[in-house]
Amino acid sequence: MEHKKTYHSMTLETTHGEVIIEGPISSKQLASHDFHEDLIAFRPSEQQHKALVEIAKLPEGRIIVARHENMVVGYVTYVYPDPLERWSEGNMENLIELGAIEIIPKFRRFGVGKNLLRVSMMDDAMEDYIIITTEYYWHWDLKGTKLSVWEYRKVMEKMMNAGGLEWYATDDPEISSHPANCLMARIGKRVDQESIEQFDQLRFKNRFMY
């Protein structure tokens, strides 16, 4: 499968200044930007910057960033699912995962997250993919936002809805381990029926055990 990537961008006005939301950006471009020290949800910011540069080098890898001047203040990643996860078991070329989304506290509440999703979907090539995201409450910044698990889940769902992702049922044990966890997905307009059926089989691996 050829992974076509077409750059799109938009400008967002905030009380802290202008934010450019753009991508997919190249690994070289990403490496040239400063990376905000508060982007620490998954690992220390310096390590995360390097990890995103490596994702941007992958044929299917996509990084959309939110930047204030030359400083990356938010991002979203799209990449093939982790080989250890069930979503990779079908070896589906047209299934990619929204693996991470993060915005620094200073630039939250300005719609940066929603617009990272919107800019992502401006690329027509996204209609060729099933895009999934697995949301686990233990990754959420409940302490920083002072939201309850269910309030945060609602915020997360609204943000994902902006990119056309919807809730999907699954019997995945990790997702099923807490009612706030969820699988969300967007099935592109050009995805064939065989791929949709394969995705359904991945969602319900234990279907015949009940």
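Residues numbered from 1 in each chain as written. Predicted model: local features only at pLDDT ≥ 70, side-chain atom pairs only at ≥ 80, totals over all residues. Heavy atoms only, no water.

Peer 1: Whenever I open this one, the overall build of the chain confuses me. Can you help?
Peer 2: A count of helices and strands for the chain gives seven helices and nine strands. Its C-alpha radius of gyration of 17 Å places the chain within 12% of the 17 Å reference for a compact globule of 210 residues. Across its three principal axes, the chain shows a C-alpha extent of roughly 55 × 40 × 30 Å. For the chain, the residues scored as buried account for 49% of the 210 residues in total. Considering only intrachain contacts with a sequence separation of at least 6, the fraction spanning at least 24 residues in the chain is 66%. Summed over all atoms, the accessible surface of the chain reaches about 11000 Å², with 51% contributed by carbon and sulfur. Looking at charge distribution, the chain has the averaged site of its 25 positive side-chain charges lying 4 Å from that of its 33 negative ones. (Helix = DSSP H or I, 4+ residues; strand = E, 2+ residues; numbered from the N terminus. Rg over C-alpha atoms; globule rule 2.2 N^0.38 Å. Buried < 20%, exposed > 50% of the residue type's maximum accessible area, 1.4 Å probe, protein only. Contact = heavy atoms within 4.5 Å. Areas by Shrake-Rupley, 256 points an atom, 1.4 Å probe, with all protein chains shown as cover. Lys, Arg positive; Asp, Glu negative; His and termini not counted. Charge placed at Lys NZ, Arg CZ, Asp CG, Glu CD.)

Peer 1: Please clarify how the pairing of strand E1 (residues 8-14) should be interpreted in this entry.
Peer 2: For a regular strand, the rule is simple: side chains alternate between the two faces of the sheet. Of the pairings in the sheet, the one linking E1 to strand E2 (residues 17-23) comprises seven bridges and is antiparallel in character. In the sheet register, threonine 14 faces E2, and the bridge partner there is glycine 17. (Pairing = 2+ DSSP bridges.)

Peer 1: How should unusual backbone geometry be read in this particular structure?
Peer 2: For residues besides glycine, phi is generally negative; the peptide bonds are generally trans as well. Between glycine 23 and proline 24 the backbone carries a cis peptide bond, its omega angle lying at 0°. For proline 24, the location among the structural elements is in the loop between E2 and helix H1 (27-32). The phi dihedral of glutamate 69 falls on the positive side, at around 60°, and the residue is not glycine. Note that glutamate 69 resides in the loop between strand E4 (62-68) and strand E5 (71-79). One non-glycine residue, arginine 109, lies in the positive phi region at around 70°. Note on placement: arginine 109 falls in the loop between strand E6 (95-103) and helix H3 (112-121). Owing to a relative accessible area of 77%, arginine 109 belongs among the exposed residues under this scheme.

Peer 1: Explain the pattern of salt bridges to me, please; I cannot follow it from the model alone.
Peer 2: Side chains that differ in charge, positive against negative, can pair when their charged atoms come close. Tallied over the entire structure, the rule returns 12 salt bridges. For aspartate 128, the salt bridge is made with arginine 190, and the minimal N-O distance between the two is 2.7 Å. One end of the pair, aspartate 128, is in the loop between H3 and strand E7 (130-135); the other, arginine 190, is in the loop between strand E9 (182-187) and helix H7 (193-203), with 62 residues separating them in the sequence. Residues joined by salt bridges that share partners form a network here, namely Arg86, Asp171 and Asp172. (Salt bridge = Lys/Arg side-chain N within 4 Å of Asp/Glu carboxyl O.)

Peer 1: How should I be thinking about the side chain of threonine 134 in this particular structure?
Peer 2: By the secondary structure assignment, threonine 134 is in strand E7. When its relative accessible area of 11% is taken as the criterion, threonine 134 is described as buried. For threonine 134, the side chain forms a polar contact with the side chain of glutamate 97, separated by 3.1 Å. Apart from the residues lying within four places of it in its own chain, the contact partners of threonine 134 are Trp87, Glu97, Ile175, Cys182 and Leu183. (Polar contact = N/O pair within 3.5 Å; in protein donor to acceptor, adjacent residues only side chain to side chain.)

Shape is all these values report; function is a separate question.
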